[in-house]
Amino acid sequence: MASGHCFLSLLMLKSCWLLGSASQKPAVLADSQQPQQEYAHSIRLDGDIILGGLFPVHARGERGVPCGELKKEKGIHRLEAMLFAIDLINKDPDLLPNVTLGARILDTCSRDTYALEQSLTFVQALIERDGSDVRCANGDPPIFAKPDKVVGVIGASASSVSIMVANILRLFKIPQISYASTAPELSDNARYDFFSRVVPPDSYQAQAMLDIVTAMGWNYVSTLASEGNYGESGVEAFVQISRESGGVCIAQSLKIPREPRPGEFDKIILRLLETPNARAVIMFANEDDIRRILDAAKRNNLTGHFLWVGSDSWGSKISPVIHQERVAEGAVTILPKRASVDAFDRYFKSRSLSNNRRNVWFAEFWEENFGCKLGMHGKRPGSPKKCTGLEKVSRDSTYEQEGKVQFVMDAVYAMAHALHHMHRELCAGYPGLCPRMANIDGKELLAHIRAVSFNGSAGTPVIFNENGDAPGRYDIFQYQINNRSTAEYKVIGHWTNQLHLNIETLQWTAGDSSLPASVCSLPCRTGERKKVVKGVPCCWHCERCEGYHVQASEFTCELCPYEKRPNQNRTGCQPIPIIKLEWHSPWALVPVFISVLGIVATTFVIVTFVRYNDTPIVRASGREMSYVLLTGIFLCYIITFPMIAAPDVVVCSFRRIFLGLGMCFSYAALLTKTNRIHRIFEQGKKAVTAPRFISPASQLVITFSLISVQLLGVLVWFAADPPHTFVDYGEQRTQDPENARGVLKCDISDLSLICSLGYSILLMVTCTVYAIKTRGVPETFNEAKPIGFTMYTTCIIWLAFIPIFFGTAQSAERMYIQTATLTVSLSLSASVSLGMLYMPKVYIIIFHPEQNVPKRKRSFKAIVTAATMTSKLSQLAAERPNGEVKTELCEGVEASVPQSKTTYVSYTNHAI
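The rules behind these values
Residues numbered from 1 in each chain as written. Predicted model: local features only at pLDDT ≥ 70, side-chain atom pairs only at ≥ 80, totals over all residues. Heavy atoms only, no water. Helix = DSSP H or I, 4+ residues; strand = E, 2+ residues; numbered from the N terminus. Buried < 20%, exposed > 50% of the residue type's maximum accessible area, 1.4 Å probe, protein only. Contact = heavy atoms within 4.5 Å. Disulfide = S-S within 2.5 Å. Pairing = 2+ DSSP bridges. Axes fitted to C-alpha atoms, helices over the stretch in contact; angles between N-to-C directions. Parallel < 35°, antiparallel > 145°, perpendicular 65-115°, else oblique. Left-handed = near helix turned anticlockwise from the far one by under 90°. Salt bridge = Lys/Arg side-chain N within 4 Å of Asp/Glu carboxyl O. Core = buried A, V, L, I, M, F, W, Y, C linked by side-chain atoms within 4.5 Å. pLDDT = per-residue confidence, 0-100.

Draft legend 1. Focus on the overall build of the chain. From N to C terminus, the chain includes 24 helices and 27 strands. Buried residues in the chain amount to 49% of all 912 residues. In the chain, of all internal contacts separated by at least 6 residues, the share reaching a separation of at least 24 is 68%.

Right, here's the structure in full:
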């Protein structure tokens, strides 16, 4: 009720003023043909149904003045479009027949507070007046003139004005149709239920602008808004949609104050420069602010730096870019899809001072448009030129139809179509207004407005959704300067729910057609991931996917499977090359060379022994055991070849079988020999009878029993884990994936290798123990000492093998080193046995055959006694001075004269 009293008081005061001014006859200027003072700030057309109109005829005033300079296009063109539309409707026999539309048109002066005050005129007829407590200035009671009842309002232009006015009109259920207000806030049907518009809301416009920014490849932009509902709501919609889409980041959101202080626009430009990478500036600003922003950029020598993206408030207007074409060059703007109305052009060009007296601002337009002055009371007192009244629009001045003319006419026609449908429903067959339409119900009229559907003045359909919004249809322009240095807006695409942009038609500064950048960070190269800066998803650092990682997505690196490595650009994984020990490798050539020499030497020894099989030296060596030992030596050499050959099931089987078998053959034979010698001489110390199992057949049985343990282990190994190959990717998995290799191997682990060689090493150690025990046997008796030296040397070889083999387990050259070490160690072990045990014999057999003759046979007792005495002689010689030994030896045993040449004694030549 408080608000109602407020409105009532304002209306009372206004009535008194009107009466006071009506009592005096105002001076009427012949030149300007001004109407009475009552309507000096409005246009009134009589009619059966009155429509209200709100237009920004003047700009916002400065320093407390409500109205500023005249707006020729946005004010006069749009206002005349409403008058023209009303004329056409009143002449149309099919639309509202026998019903005349009238109008009450007001100037908003581009200010929401002033527009609110003016719009009170529209609700006067709906307020019940009580003048008992109100008196005029002269003390008389007020006399109320009958006000015009406005059934609907066309306007306003600015969203801030429409919002302010809509809050009043909804209280009195007066429908409102705007021709230019696009703030998303007005789509709220709960708060602005009587508001409709023939232009799409900024939410569509914001989506279209975001699509433009995305199509340009820009992801880092600033926003600039004029203070007020239009600018702030537009930017808010853009920010919200960009946040939801996630493709565009806002560097800064700046606001232009309603009343900017001097230097304010320079400060805004400098603030925009704080984020120099955000060159694109999204502008939801009014025409005046756009012009002053461009001027500030020009003053600060920033022509060509900023990439302007303007909303429909910029559109294709000339006024914001006049005299600053260079700084505006390349600007991309958006405008609801429209077409020029030719009939309006003909109408407006025919207007003159004499035939357009109903427009109270037309005289002011005339002066402004032609740069002249109408009499002494004209609005341009400083103009030297006097208007003749014979000037003609477009002949004596430039003329271009303002962009919203179409929408103004569509808004008037939408209201007319709604009234027509309402008239048909309520006054069926009744000429003119019937009594049921004497008081038009605003809510019912609103329902008819929302239901209209017709082709507008430009041929495009006019419809409204449930919120009173028109569908989104936009033309996209770019401000370009052609080769002749003339600037123009060029259509580069359109937007109807989705963007259709012709990239080829884009042109930037100096005719450059390449797209400029407005990004926070440059795109990462292939193989690099984005590490996003916290809170700014469009700014990132590029990090290369290191090691065995590849780029899985824009933001992540992914580890390749174990058997793969990154490709060259790290966009995918490729198989790691598989290698094996090649025959031409130095790691293979050296072991093969040693092995071949050993095989040749072993073959030569075997051939020699076979040929001289019955000679004393061969027989004294123990032929059967010698052949077993030589077989083991041969196998030790031959294992080099399957160890180097390319692994497959057959090769892996040979490796398992022969890896420890050669050593097993050798050391089983040597162990049997040393054990036999040890047992013979230990038995000789106790008795003259020979020990058991010293015959050749027994020795072979013992040897093959020892070998069978190795073979049994191999068979169990075969049964438990059949041989197969695998690729070891860990052995040569270097830090640099380029050098990574997979090694083709047999499935012989280090543990399996130890187990395979462990038994042979056990035989070797046992044999060494017996060699130590039989070291006292004189060299004239069999091979105890050569065997001892062989075992000592072999132990040294294998003691050196262990740290080399297992110490290189982490080396990149592991396969080569370990294979070469193992094969060379086996070959060296075989070579030591071959060289120390058989080469001296072969030398005598070939080069000294005279020593290879039979000697007299002696009994086992004589042999053991002689060996024992020789042993004692050696011990006493070490303990007593020279010359004292002979006496003791002569007392106990029969003197024996040592032979000058070595005598080979074989225990097999005596009957035991």
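There's more to say after this.
Draft legend 2. Looking closely at the state of the cysteines. Scanning the model with the defined rule gives 9 disulfides in all. One disulfide in the model links C372 with C387; its S-S distance is 1.8 Å. Here C372 and C387 share a disulfide; its torsion about the S-S bond, 95°, makes the bridge right-handed. One end of the pair, C372, is in the loop between helix 11 (362–370) and helix 12 (405–426); the other, C387, is in the loop between helix 11 and helix 12, with 15 residues separating them in the sequence. Accessibility assignment for this pair places C372 and C387 in one class, buried. Across the disulfide, C427 is cross-linked to C434 (sulfur-sulfur distance 1.7 Å). In this structure the cystine formed by C427 and C434 twists about its S-S bond by roughly -60°; its chirality is therefore left-handed. By relative accessible area, C427 is classed as buried at 3%.

Draft legend 3. How the structure looks around the sheet that holds strand 11 (residues 280–284). Ordered by their spatial adjacency, 8 strands build an open sheet running 10-9-11-12-13-16-17-18, and the pairing between neighbours is mixed. Looking at the sheet topology across the chains shown, the edges are occupied by strand 10 (249–256) and strand 18 (499–501). The average undirected angle you get between the axes of adjacent strands in this sheet is 25°. Of the pairings in the sheet, the one linking strand 16 (residues 474–481) to strand 17 (residues 487–495) comprises 8 bridges and is antiparallel in character. Residue Y474 lies in a different strand from strand 17, and its bridge partner there is W495.

Draft legend 4. Highlighting the side chain of Q252. Mapped onto the secondary structure, Q252 falls in strand 10. Ignoring anything within four residues of it in the chain, the contact list for Q252 reads V221, S222, T223, R271, L272, E274 and T275.

Draft legend 5. A look at the packing of helix 5 (residues 202–215) against helix 6 (residues 229–245). One way to put it is that helix 5 packs onto helix 6 with a least axis distance of 9 Å and a crossing angle of 55°. It follows that helix 5 is oblique to helix 6 by the angle criterion. Between helix 5 and helix 6 the crossing geometry is right-handed. Where helix 5 abuts helix 6, its residues D202, S203, Q205, A206, Q207, M209, L210 and V213 lie against Y230, G234, A237, F238, I241, S242 and S245.

Draft legend 6. How the structure looks around the environment of P537. Of note, P537 is situated in strand 20 (residues 536–544). The sequence separation of P537 and C249 amounts to 288 residues, and the corresponding C-alpha distance is 6.9 Å. The residues touching P537, leaving out its near neighbours within four places in the chain, are C249 and V532.

Draft legend 7. Just unusual backbone geometry, in detail. Along the chain, G155 connects to A156 via a cis peptide bond; the corresponding omega equals 5°. Here A156 is to be found in the loop between strand 6 (150–154) and helix 4 (159–169). In this structure, N497 is a non-glycine residue whose phi angle is positive, near 70°. Assignment of secondary structure puts N497 in the loop between strand 17 and strand 18. Its relative accessible area of 64% is what places N497 among the exposed residues.

Draft legend 8. How the structure looks around the pattern of salt bridges. Taken as a whole and judged by the stated rule, the model has 27 salt bridges. Of the charged contacts, one joins E259 and R111 as a salt bridge, the two residues approaching to 3.5 Å between their closest N and O atoms. Pair noted here: E259 is in the loop between strand 10 and helix 7 (264–272) and R111 is in the loop between strand 5 (101–107) and helix 3 (112–119), with a separation of 148 residues, a long-range link. Look at E259 and you get partly exposed, because its relative accessible area is 47%. The class of R111 is buried, set by a relative accessible area of 17%. Between D193 and R170 there is a salt bridge; the shortest N-O distance is 3.1 Å.

Draft legend 9. Summary view of the nonpolar core. In terms of nonpolar packing, the biggest core is built from 70 residues, with M82, L101, F344 and L419 touching the most fellow members. Tallying contributions element by element places helix 12 first for this core, with 14 residues. Non-local contacts of F344, meaning those with residues more than four positions away in its chain, are made with H77, E80, A81, F84, Y399, Q401 and V405. In this structure, I639, W798, F801 and V842 belong to the second largest nonpolar core, which totals 50 residues.

Draft legend 10. The arrangement of the confidence of the model for the chain in detail. Per-residue confidence for the chain gives a mean pLDDT of 82; residues scoring 70 or more make up 84%. Predicted confidence in the chain is weakest over helix 24 (residues 885–892), with a mean pLDDT of 39, and strongest over strand 7 (residues 176–178), with 97. Across residues 1–39, confidence stays below pLDDT 50; counting only partners more than four residues off in sequence or on other chains, it has 42 contacts. Scored below 50 in pLDDT, residues 880–912 shows 40 contacts in the model against residues more than four places distant or in partner chains.

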